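Breakdown of the fold
Residues per chain, in single letters:
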Amino acid sequence: MIVVAARGRRTTFVQRVLAGLAALLAVLLAVPPVPALADDPGDVRFEKVTEHDPEWILMIPNLIYRSLHSKPPYEVSYDSNVGTSFIPDVVPGKVLCITTGNINNHLPSPRADGTVAHTNTAIIQLLLFDSQAKTFQLVGWDLRPLRDANNEIVDWRAPTAAGEKAASSLTWDLSGVSAKRVQNRLQRGLMHSEPLDGLVTVYFNSLAAKAYAAGQLESPPPKRKDLLNRTFKVSTEQAPCAKTGDSSCFEMLKTRRMFPNVEEVVHAVDDPPTGTKRQETLRENKKHLAQKFVDNGKKVTGDASALVKAEPFNRPGNSPVRSAAVAALNGTDPGGIDFSTLQLRYLNEGTGGRLQYSFAADSTPGTDHKAAAGKTAVNQSSDAFFVWLSLPQSTFWVNLNPTEPDRIVDPKLGATDVGRVLLQADFRMKTLVGKLIHPDTALGKEFWGKFTPGKQSCISLRQWIVPKPAAVYEHNGGLYIVDAPLEVKMEADYLKARGGSSGCAKSDDRMVSLFRSKVLPKVEENVNKGADFADLRRVYLSRVAAEWYREKHTDGSLAGLIDSGDVSPWPARESWSSRQVFDAYVKSYNKKEFNVHRVKRVGDYRYDVTYSYGGVDFSNVDLVPMTKAAFSAQHQGLTDAVTASAQHPAPDRQGTVWLGGAAYPVDHHDPLPVAAPAKAAGRSGSHPWIFVVGGVVLLCLVIVLVRRIRRRV
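Scope of this entry: the structure provided in the associated data block. (Residues numbered from 1 in each chain as written. Predicted model: local features only at pLDDT ≥ 70, side-chain atom pairs only at ≥ 80, totals over all residues. Heavy atoms only, no water.)

**Quick word on the overall build of the protein chain**
The number of helices and strands found in the protein chain is 19 helices and 22 strands. For the protein chain, the accessible area works out to roughly 33600 Å², and carbon and sulfur atoms hold 52% of it. (Helix = DSSP H or I, 4+ residues; strand = E, 2+ residues; numbered from the N terminus. Areas by Shrake-Rupley, 256 points an atom, 1.4 Å probe, with all protein chains shown as cover.)

See the structure below:
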């Protein structure tokens, strides 16, 4: 209670009101602010690219379009500019590429000379890009592989006559679009590829429905959500037009009026100076690029990571929410951060299903900040969190045993990157142990000991990677994952904890002791610190976060995911199969990498000796809360760094850099921020309601003072 005294006299009514209001404000101001998001998305990057640049991958859909539609009889003339918009995760793990050409330069009827003619019909190309396989696949409006009249999948590299006809079947007559701005552009001859791409994203579901009604699709296509806002990159053959006025393609892209969340626009051909040969120069330059692509065997070149978007914890279909993490990985590199070390260390569920997160990373003075690895890291962490929530804990194991090919991994877990990471970690652990105790090494000779004829040593040499208790700290509804170590256990200890026993009736005490004291520590150190196990540690941190969510948010916005068994929205981003890992393990086993055969001679006798020697189990995770005093003493300034990390990279006092943000992992129906104007830099989290409260306080004071004055009068 706050008491305001005046010269030893009893407090007045006004003073008591002031004291009460001051106390209320003190309580309100003591509530920590919600981290604000970085509203300034930064400038759109405009770049010219060549075939030697990583971003050349963005130009490939334009070249594919040319190879299909700009050869005699020239469906699309070289007077046209071809452009592509890129939309991530329309199909989980793949990028939708929508390609069109200036509509006024499509030819309504075949002409051999490539001259310009007017039409209102666009030829549209749809591709799905697989960043892991680095392949483009022609698809129809249902985003399934495009098929010709013979029901054969169309190969854009070597299309048949039927395939070329199918590739030209995705058309759109815009003369039937009633929107005035569309008709205005058509009449003025300004329906360039960039705005046309945008229109396709807006009318995509309508065009797909028409294709189904016309019998071009076998089943009703699913509706695609918010493709315009999700477009994050654009490529065009020539630089976007920069005609006078704010309706030029360049200005509309720059101000994000065309694509509200576009980050980068690339082109391959500069616009030459105005002159009599300008159009001829453009035409020849584009022809040269297209012909070179064909002459080189239509190779897909460039860096596939340029088409990977980091969008952690955002549900496919929701508009992106701008944040420091997303901006740093997909936009301008802030410098000084080793993105490959990003790990999920903070999570908090706010109102409306808003999930706040923050990743910790190491700082680096180097110039290679490994942004591609950072995108993989945050997407892997995000996917793993949802997988750990969606599958029952009884499935959180993998097992490589040459005698159990049918018990490798749970089928649903095996369809995700989590299953891949766990199984590959098990394989690497076995390889590491095999090298450490190989009888040709010093440690191996000590471990196996001197051979004694007739004696058979028994020891179970399978190991299991299991969690140690995770140290966590909860503050204002959020989880800080302070430490999440892993442990490597001998199978005898692992099974004993579960009421089982190993295959050895009586183990060799000397070998067991040596294994525990000299082998296991080396393996455990690698698991917790080695580069080969970085992915395992990363997905395990997500396991800790998911366990916390299970315990604390039984009625949260993601509660419906818990044990639902549906992991289809988070398929493996890297092509793999559990059988491939198992076969590699068996191959290594048969090559004596795990079981070593030696011939020993003792006296006149010859002996054949075989030296024979787990898994990963994350089903049980114990969360051990840290006290406030311990957390404050050991991690000073960490909460402030996490709060600031939603706006910009924020270092803590230990030298770790934090990158945060927020997302909507569930369907979100409120308007999301799009094309927000740039705000003043450095704005941090705030209490927007404090101004309202302050106004109410002032109004109350005025009323009280007026009443007191009236009484005295």
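That was the structure; now back to the text.
**Notes on unusual backbone geometry**
Residues other than glycine seldom take positive phi values, yet N151 does so here, at roughly 65°. With respect to the helices, strands and loops of the structure, N151 is situated in the loop between β6 (135-138) and α3 (161-167).

**Focus on helix α15 (residues 534-552)**
With 19 residues, α15 should reach 27 Å at 1.5 Å per residue; the first-to-last C-alpha distance of 27 Å fits that figure. Most of α15 sits inside the fold, with 15 of its 19 residues counted as buried. (Expected span 1.5 Å × (residues − 1). Buried < 20%, exposed > 50% of the residue type's maximum accessible area, 1.4 Å probe, protein only.)

**Quick look at the sheet that holds strand β19 (residues 615-617)**
Across the sheet, four strands lie side by side as β12-β19-β13-β16; this open sheet has mixed pairing. The open sheet has two edge strands, β12 (397-399) and β16 (486-490), and neither has a second partner. Ignoring which end each strand starts from, the neighbouring axes of this sheet average 20° apart. In this structure, strand β13 (residues 463-467) lies alongside β16, joined through five bridges in antiparallel fashion. Note on β16: the bridge partner recorded for Q463 is M490. Set on the sheet, helix α11 (residues 417-436) makes contact with β12, β13, β16 and β19; between it and β12 the angle comes to about 45°. (Pairing = 2+ DSSP bridges. Axes fitted to C-alpha atoms, helices over the stretch in contact; angles between N-to-C directions. Contact = heavy atoms within 4.5 Å.)

**Regarding the nonpolar core**
Soluble, globular proteins show a tendency: their nonpolar side chains are buried together. Grouped together as the largest cluster of nonpolar side chains are 85 residues, with contacts concentrated most on F313, F385, I465, L536 and F618. Sort the elements by how many residues they give to this core and α11 lands first, with ten residues. The next biggest cluster of nonpolar side chains, apart from the first, holds 60 residues, and it includes L68, A167, A208 and L227. (Core = buried A, V, L, I, M, F, W, Y, C linked by side-chain atoms within 4.5 Å.)

**Description of the sheet that holds β6**
The seven strands are arranged β1-β9-β8-β2-β3-β5-β6 in an open sheet whose pairing can be described as mixed. Edge positions in the sheet fall to β1 (45-48) and β6, since each of these pairs with one other strand and no more. Averaged over all pairs of adjacent strands, the angle between strand axes in this sheet comes to 25°, irrespective of strand direction. By the bridge criterion, five bridges tie strand β8 (residues 233-238) to strand β9 (residues 264-269) in an arrangement that is parallel. When the bridges of β9 are listed, V234 appears paired with V265.

**Structural notes on the environment of L514**
Mapped onto the elements, L514 comes out in helix α14 (residues 509-529). Between the C-alpha atoms of L514 and F447, which are 67 residues apart in sequence, the distance is 6.4 Å. Excluding its chain neighbours within four sequence positions, the residues that come into contact with L514 are E446, F447 and V519.

**Section: the pattern of salt bridges**
Taken as a whole, this structure holds 19 salt bridges when the rule is applied. A salt bridge links K518 to E446, with the nearest nitrogen and oxygen atoms 2.9 Å apart. Here E446 lies in helix α12 (residues 442-448) and K518 lies in helix α14, a separation of 72 residues in the sequence. Exposure remark for E446: the relative accessible area of 35% places this residue in the partly exposed category. With a closest N to O distance of 3.0 Å, R538 and D535 form a salt bridge. Of this pair, R538 and D535 both sit in helix α15, separated by three residues, roughly a single helical turn. In this structure R538 comes out as buried when scored by relative accessible area, which is 5%. One salt-bridge network, in which partners are shared between bridges, spans R45, E47, K233 and E264. (Salt bridge = Lys/Arg side-chain N within 4 Å of Asp/Glu carboxyl O.)

**Quick notes on the environment of I481**
Secondary-structure assignment places I481 in strand β15 (residues 478-483). Here I481 falls in the buried class, since its relative accessible area comes to 4%. Along the primary structure I481 and R345 are separated by 136 residues, whereas in three dimensions their C-alpha atoms are 4.9 Å apart. Not counting the four nearest positions on each side in its chain, I481 is found in contact with L344, R345, A471, V472, L541, V544 and A545.

**Some remarks on helix α2 (residues 60-69)**
By the criterion of burial, α2 is predominantly enclosed, with ten of the ten residues buried. Where α2 is concerned, the buried positions are I60, P61, N62, L63, I64, Y65, R66, S67, L68 and H69.

**Re the packing of α2 against helix α8 (residues 278-295)**
In a packed pair of helices, the relevant descriptors are the angle between the two axes and the axis-to-axis distance. Two elements in contact, α2 and α8, have axes whose closest approach is 9 Å; the angle formed by their N-to-C orientations is 90°. Judged on the interaxial angle alone, α8 and α2 are roughly perpendicular. In contact with I60, L63, I64, R66 and S67 of α2, α8 contributes K286, L289, A290, F293 and V294. Here the residues of the contact of α2 with α8 are counted per class, giving seven nonpolar, one polar and two charged. (Parallel < 35°, antiparallel > 145°, perpendicular 65-115°, else oblique. Nonpolar A, V, L, I, M, F, W, Y, C, P; charged D, E, K, R; others polar.)

**Some thoughts on the packing of aromatic side chains**
Aromatic ring pairs are reported here in terms of the distance separating the ring centres and the angle at which the planes meet. Summed over all chains, the structure comprises 21 aromatic pairs. Relative to Y203, the ring of W172 has its centre 5.3 Å away and its plane inclined at 50°; by these criteria the two rings are tilted. Here W172 is found in strand β7 (residues 171-173), whereas its partner Y203 is found in helix α5 (residues 193-213), with 31 residues between them in sequence. Look at W172 and you get buried, because its relative accessible area is 5%. Ring geometry for F313 against F359: centres 6.4 Å apart, planes inclined by 35°, an arrangement best described as tilted. Placement of the pair is F313 in the loop between α8 and α9 (324-330) and F359 in strand β11 (residues 355-363), with a sequence separation of 46 residues. The pair F313 / F359 is uniform in exposure class, with both members buried. Members of the aromatic cluster, each reached through a chain of ring pairs, are F313, Y357, F359, F385, F386, Y549 and W570. Just above the ring of W388 sits the side chain of R543; from NZ or CZ to the centre is 5.9 Å. (Phe/Tyr/Trp six-rings, centres within 6.5 Å; stacked < 30°, edge-to-face > 60°. Lys NZ or Arg CZ within 6 Å of the ring centre and 35° of its normal.)

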